[in-house]
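# Summary of structural features
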There are 2 protein chains.
Amino acid sequence: MCARKTAKLDISKVDQNMQIKQADDNGLAWYSADEKPLELVGFNWYHQDKIFRRMPLKTEEPLPEGVEWLAWHCAGGQLRFRSDSSRLMLKAEIRNKELMDHMTQTGSNGFDLYLGGPGPLKYRSSARFKLLETEYNCELFKESRREMRDFVINFPLYNGVNKFAIGLDAGCAIEAPAAWSDKRKIAVYGSSITQGGCASRPGMAYTNILSRDLKMPVYNYGFSGSGRGEPIVAKCLAEIQDVSLFILDYEANCHQPGGLETTLPVFIDILRVKHPVTPILVVSRINYSVNDERLSERREIQHNEVKRRHAAGDKNIYFLDGDCLLERDYDECTVDGVHPNDLGFYRMAKNMAPTIRKIVT
Amino acid sequence: MCARKTAKLDISKVDQNMQIKQADDNGLAWYSADEKPLELVGFNWYHQDKIFRRMPLKTEEPLPEGVEWLAWHCAGGQLRFRSDSSRLMLKAEIRNKELMDHMTQTGSNGFDLYLGGPGPLKYRSSARFKLLETEYNCELFKESRREMRDFVINFPLYNGVNKFAIGLDAGCAIEAPAAWSDKRKIAVYGSSITQGGCASRPGMAYTNILSRDLKMPVYNYGFSGSGRGEPIVAKCLAEIQDVSLFILDYEANCHQPGGLETTLPVFIDILRVKHPVTPILVVSRINYSVNDERLSERREIQHNEVKRRHAAGDKNIYFLDGDCLLERDYDECTVDGVHPNDLGFYRMAKNMAPTIRKIVT
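Residues numbered from 1 in each chain as written. Chains lettered and ligands numbered in written order. Predicted model: local features only at pLDDT ≥ 70, side-chain atom pairs only at ≥ 80, totals over all residues. Heavy atoms only, no water.

A few words now on the sheet that holds strand 1 (residues 28-31) of chain A. All names here are of chain A. On the basis of which strands lie adjacent, the open sheet formed by four strands has the order 1-9-4-7 and antiparallel pairing. Edge positions in the open sheet fall to strand 1 and strand 7 (135-142), since each of these has one partner strand only. The sheet shows a mean angle of 20° between the axes of neighbouring strands, taken without regard to direction. Bridging between strand 4 (residues 87-94) and strand 9 (residues 161-169) involves seven bridges; their strand directions are antiparallel. (Pairing = 2+ DSSP bridges. Helix = DSSP H or I, 4+ residues; strand = E, 2+ residues; numbered from the N terminus. Axes fitted to C-alpha atoms, helices over the stretch in contact; angles between N-to-C directions.)

Okay, structure coming up:
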């Protein structure tokens, strides 16, 4: 770690994080995501597995195939810190040469940067690179004025990250990031919509918008097409500590008759074993462009399960009707009739935030 | 053209458009974009050149290289009609195997469908096809209930279209589309932002949103990186007849000192030769994520030119400050700090519409 402005030189002898890094030919010193005081968010098992993965590598039984694959996708991953660096370069190697027709490469395979300070976080830039490139080098920030700023880098929504490093001015100050308003995690479980399909850049996934607005760490457990409420997935989520709220938003992948009735009670039961009083918010599905006659039926299944548990004494369980999230002209809010565009994600986050605030504060 | 419900059989002898088309093996009859009563919008020179191109093939002097290339891109193109078909298939061949890293294929190379009736147009579906495919076949609509509906198909924003056909139920009713509130064209000249970079699907380009909201034909003359206000481009636009409003939104490509001062007066002079009283609205640039110190200077150049002309007797010229279009958290409104995402385009259209309504009604 480069020397803080206030650090004394001898600290480098007792803490190697405090050693002054060698500058490369461009005057940059390079940091990995797990160097203190940088804060890596969104990878709950990073401390044991040392990889960018949303689920643990080893589980008591195999994860469902889709979840196993998608656990590598870095949706909701964030790197946070404060620095007076005048530049930020990013080097990354992503796992797969993949791109979907209805999602941008900047959103599925790229990173984006928000800056704060003073004031709220503002979007600054996106990693831009050649189509289907898996290794890239991007300048995310350059400014002549040196001052302390908050940096938040959002990770790719639909790809994994093998290698990651950021380059900052050698010798710049680096500090721990601004404090969260509540450092306990919000863990959101769901479908492709939760994972961030099809935001134009990572910061526009609704979980990342919520994180900025609420100033809380929001961990993304959206698994595209694979949010089916399996018990082993619930067991993994139940392992997460310091959770302020679980959000269950998986109707979109569990719409067959019998799906929600069967999985939802079991999923919540499993969470409740280790999280007896942690708030749980069940969110029903957003509107698609084609009417689904069974939408209200599934909404009732979820609402009734919440009411049943509430009546039985669980006062920390809540329901939010997804029908309201995209507002009146909901048809404008998707790229394909199903997956939100950035207008849709913005509305989802802004319309979920008041409910979440009431629950967690 | 398939028989209208009300057509008498003998009309097919005098008007071949009235002949009943043969169904293919799937029960569909196929139509090209220029068959009556379908209405093709956005290609002002289609009647002479018979191609999907936004500028004339022959001009009195060569078009600037970028404009020549981008004239083939079909931004703003629409096909409109009414039908009771229970299906809509689309076959297309696009010009280039191209895709940008910060734009979806659905937006740059695809089509999307809006449906109306009764009530306003609502987004229904997008053409989905294999990445970088140049020929595709997509089902855009299927519904068991047969009733008369308005169909609006938006053309690709960042690619050309060589071949295009739609398949409807053989024997279905087809009628002219719903009437515009004002059938005269709004012609919008500008940059990549005007062209629709980087909407997630064609219908989210701000010119197409305006067309839906105002119920007016909006012709898109955005030329990515090439909106430099050249006289030959102005001469082409001046050829367009039945214009209710010209919008000049090209600051983003003309930001060098001297650019706007030089080009804007000449551009307007050329339009005024053939359109002495047609309203002209000059719109200054939206905000980018990085502050531009000369933004207000360029805004003043444009505003002053409008004020100067107004004072000199041109009462049909107006200025709109682009600074307000993306609203307070404008940073959230782009994919890369410059090009609007769907949140940005939605706000651009909604915030331009009241000014346009005041001018044209």
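Before going further, it helps to examine the pattern of salt bridges. Pairing is possible between side chains that carry opposite charge, provided their charged atoms lie close to one another. Counted according to the given criterion, the structure contains 66 salt bridges over all chains. Note that K122 of chain A and D331 of chain B form a salt bridge whose closest N and O atoms lie 3.3 Å from each other. With K122 of chain A in strand 6 (residues 122-126) and D331 of chain B in the loop between strand 15 (317-320) and helix 10 (342-360), this residue pair bridges two chains. With its nearest N and O atoms 3.4 Å apart, the salt bridge here joins D84 of chain B to R146 of chain B. Taken together, the residues span a long stretch of sequence, with D84 of chain B in the loop between strand 3 (78-83) and strand 4 (87-94) and R146 of chain B in the loop between strand 7 (135-142) and strand 8 (149-154) at a distance of 62 residues. Taking relative accessible area as the criterion, D84 of chain B reaches 5% and is therefore assigned buried. Judged by its relative accessible area of 45%, R146 of chain B falls in the partly exposed class. If you follow the salt bridges from partner to partner, you end up with D84, R87, R146 and D169 of chain A in one network. (Salt bridge = Lys/Arg side-chain N within 4 Å of Asp/Glu carboxyl O. Buried < 20%, exposed > 50% of the residue type's maximum accessible area, 1.4 Å probe, protein only.)

Between two packed helices, what matters for the description is the angle formed by their axes and the separation of those axes. Residue and element names in this part refer to chain A. Direction vectors running N to C along helix 6 (residues 206-214) and helix 10 (residues 342-360) enclose 50°, while the axes themselves pass 9 Å from each other. Comparing their axes, helix 10 and helix 6 come out oblique. Crossing hand, helix 6 versus helix 10: right-handed. On the side of helix 6, the interface is formed by Y206, I209, L210, D213 and L214, while helix 10 contributes F345, Y346, M348, A349, K350, M352, A353, I356 and R357. Taken together, the residues that form the contact of helix 6 with helix 10 break down as 11 nonpolar, no polar and three charged. (Parallel < 35°, antiparallel > 145°, perpendicular 65-115°, else oblique. Left-handed = near helix turned anticlockwise from the far one by under 90°. Contact = heavy atoms within 4.5 Å. Nonpolar A, V, L, I, M, F, W, Y, C, P; charged D, E, K, R; others polar.)

A few words on the interface of chain B and chain A. Chain B puts 37 residues into the contact, and the matching count from chain A is 37 residues. Buried surface at the junction of chain B and chain A, both sides included, amounts to about 3,100 Å², of which 48% is carbon and sulfur. Our count for the contact surface shared by chain B and chain A stands at 10 salt bridges. The salt bridge involving R128 of chain A is made with D336 of chain B; its shortest N-O contact spans 3.5 Å. Counting every contact that joins chain B to chain A gives 38 residue pairs in polar contact (both at pLDDT 80 or more). Listing elements by their share of the side of chain B that touches chain A, those giving two or more residues are helix 4 (105-108), strand 6 (122-126) and helix 10 of chain B. Among the elements that make up the side of chain B that touches chain A, the one with the highest residue count is helix 10 of chain B (five residues). The residue inventory of the side of chain B that touches chain A, partitioned by class, reads 13 nonpolar, 10 polar and 14 charged. (Buried area = accessible area lost by both parts, 1.4 Å probe. Polar contact = N/O pair within 3.5 Å; in protein donor to acceptor, adjacent residues only side chain to side chain.)

On to the pairing of strand 5 (residues 112-116) of chain B, then. Residue and element names in this part refer to chain B. The buried count for strand 5 comes to five of five residues, which makes it a mostly enclosed element. Residues D112, Y114 and G116 point to one face of strand 5 and L113 and L115 to the other, with burial holding for every one of them. Bridge count for strand 5 against strand 6 is four bridges, and the pairing is antiparallel. Within strand 6, the residue paired with D112 across the bridge is S126. Where strand 5 meets strand 8, five bridges bridge the pair, whose relative direction is antiparallel. For D112, the partnering residue across the bridge sits in strand 8 and is N154.

Here we come to the relation of the copies chain B and chain A. When chain B is brought onto chain A, the operation consists of a screw motion whose angular component is 180° and whose axial shift is 0.0 Å, with 0.0 Å RMSD remaining. Taken together, the rotation and translation describe the operation of a two-fold axis. Interface residue correspondence from chain B to chain A reaches 100%, placing this contact among same-surface, isologous pairings. (Least-squares fit on C-alpha atoms with pLDDT ≥ 70 in both.)

With that settled, the discussion passes to helix 10 of chain B. Along an α-helix, residues three or four apart share an orientation, since each turn contains 3.6 residues. All names here are of chain B. Spanning 19 residues, helix 10 covers 26 Å between terminal C-alpha atoms, matching the ideal 27 Å at 1.5 Å per step. The sharpest bend along helix 10 measures roughly 35° and falls at A353, with the proline P354 sitting one to four residues further on. Two or three places before L343, at the start of helix 10, stands the capping residue N341, its side-chain oxygen 3.2 Å from that residue's backbone nitrogen. (Expected span 1.5 Å × (residues − 1). Bend = angle between axes of the 7 residues up to and from the residue.)

Counting 86 residues, the largest nonpolar core has I356 of chain A together with I356 of chain B as its most contacted members. The residues touching I356 of chain A, leaving out its near neighbours within four places in the chain, are I186, L210, L214, L245, I247 and L281 of chain A. (Core = buried A, V, L, I, M, F, W, Y, C linked by side-chain atoms within 4.5 Å.)

All names here are of chain A. Annotation of chain A at the domain level lists domain 1 (11-175) and domain 2 (185-360). Put simply, the middle of domain 1 and the middle of domain 2, counted by C-alpha atoms, are 26 Å apart. Listed per partner, the contact involves 39 residues of domain 1 and 36 residues of domain 2. Summed over both sides, the interface of domain 1 with domain 2 buries roughly 2,900 Å², with 60% coming from carbon and sulfur. Along the contact surface separating domain 1 from domain 2 lie three salt bridges. Ionic pairing is found between E60 and K235, a salt bridge with its closest N-O pair at 3.3 Å. Linking domain 1 with domain 2 are 19 residue pairs in polar contact (both at pLDDT 80 or more). Counting only elements with at least two residues in the side of domain 1 that touches domain 2, the list comes to helix 3 (65-70), helix 4 (105-108), strand 5 (112-116) and strand 6. (Domains from an automatic or database assignment.)

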